[in-house]
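Spelled out from the first residue to the last, the chains are:
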Amino acid sequence: MTSVAGINGNCASSSGSGPGVTPTQRMNTFYVQANAPTKCLINSKSNVDFGNTPSSTNNIESKGTNPINLTCTNGTVYNIGLAPSNGNKDGAGVMKGSSGNSDMVPYQLRSTAGLSGTPWGNTATSTNLGNGVAGTGTGSAQNQSVYATVPSADFKPDTYSDIVTINVNY
């Protein structure tokens, strides 16, 4: 009987047939894997603008759809909350003048257009829609439109503004 050294020093036996003896093979496996984390990214946002409005105007609606453009991992469920700088959880904010006057212009953030559009606030969490807006990621950019209303424009001439924080919960 002849012995031939095989893989990893193991010996394979033959019955004297000589060359062409196949060494013993050992097989094992490994995984090929990837982790696709749940993630949302705000790509861009537009300012809400009421334009130049005469002081006698009532029930003013913002111009355009003012989209929040975001990309979330495919299948990621998200809830968006909007928080005016005054901390109002119902999306009722106040714009302040740039010239230091004491007038404050109240506004209401909305997720649908019109004076009676759905108010958009900041009670959404990752597991509860609250008064936010829900969506499901596709892996591609998506738009969520933001609207706002103002009851009256009867304020001192000035440029009024406020800062709104976008909270994406997923």
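What counts as what
- Residues numbered from 1 in each chain as written.
- Predicted model: local features only at pLDDT ≥ 70, side-chain atom pairs only at ≥ 80, totals over all residues.
- Heavy atoms only, no water.
- Pairing = 2+ DSSP bridges.
- Helix = DSSP H or I, 4+ residues; strand = E, 2+ residues; numbered from the N terminus.
- Axes fitted to C-alpha atoms, helices over the stretch in contact; angles between N-to-C directions.
- Buried < 20%, exposed > 50% of the residue type's maximum accessible area, 1.4 Å probe, protein only.
- Lys, Arg positive; Asp, Glu negative; His and termini not counted.
- Salt bridge = Lys/Arg side-chain N within 4 Å of Asp/Glu carboxyl O.
- Polar contact = N/O pair within 3.5 Å; in protein donor to acceptor, adjacent residues only side chain to side chain.
- Contact = heavy atoms within 4.5 Å.

### Notes on the sheet that holds strand S5 (residues 67–72)
- Pairing in this open sheet of 3 strands is antiparallel, and the strands run S3-S5-S10 from one edge to the other. In this open sheet, the two edge strands, each paired with only one partner strand, are strand S3 (40–45) and strand S10 (141–145). Each strand of the sheet is rotated relative to its neighbour by a mean of 30°, with strand direction disregarded.
- Relative to S5, S3 runs antiparallel, the two being bridged by 5 bridges. The residue bridging Cys40 from the neighbouring strand is Cys72, located in S5.

### Considering unusual backbone geometry
- Positive phi outside glycine occurs at Asn59, with the angle close to 50°.
- Along the chain, Asn59 falls in strand S4 (residues 58–61).
- Of note in this structure, Asn66 is not a glycine but carries a positive phi near 45°.
- Along the polypeptide, Asn66 turns up in the loop between S4 and S5.
- Exposure remark for Asn66: the relative accessible area of 7% places this residue in the buried category.

### A look at the side chain of Asp103
- By the secondary structure assignment, Asp103 is in the loop between strand S7 (92–97) and strand S8 (104–110).
- No salt bridge is formed by the buried Asp103, whose closest oppositely charged neighbour, Lys156, lies at an N-O distance of 4.5 Å.
- Side-chain polar atoms of Asp103 contact the backbone nitrogen of Lys156, separated by 2.8 Å.
- Once you skip the residues sitting within four places of it in the chain, Asp103 turns out to touch Met95, Lys96, Gly97, Phe155, Lys156 and Tyr160.

### Some words on the sheet that holds strand S11 (residues 147–152)
- Taken in spatial order, the 5 strands of this open sheet run S4-S11-S8-S7-S12, and their pairing is antiparallel. Either end of the sheet is taken by a strand with one partner, and the two such strands are S4 and strand S12 (160–161).
- As paired elements, S8 and S11 share 3 bridges and run antiparallel to each other. Each residue of the ladder has a partner; that of Gln108, found in S11, is Thr149.

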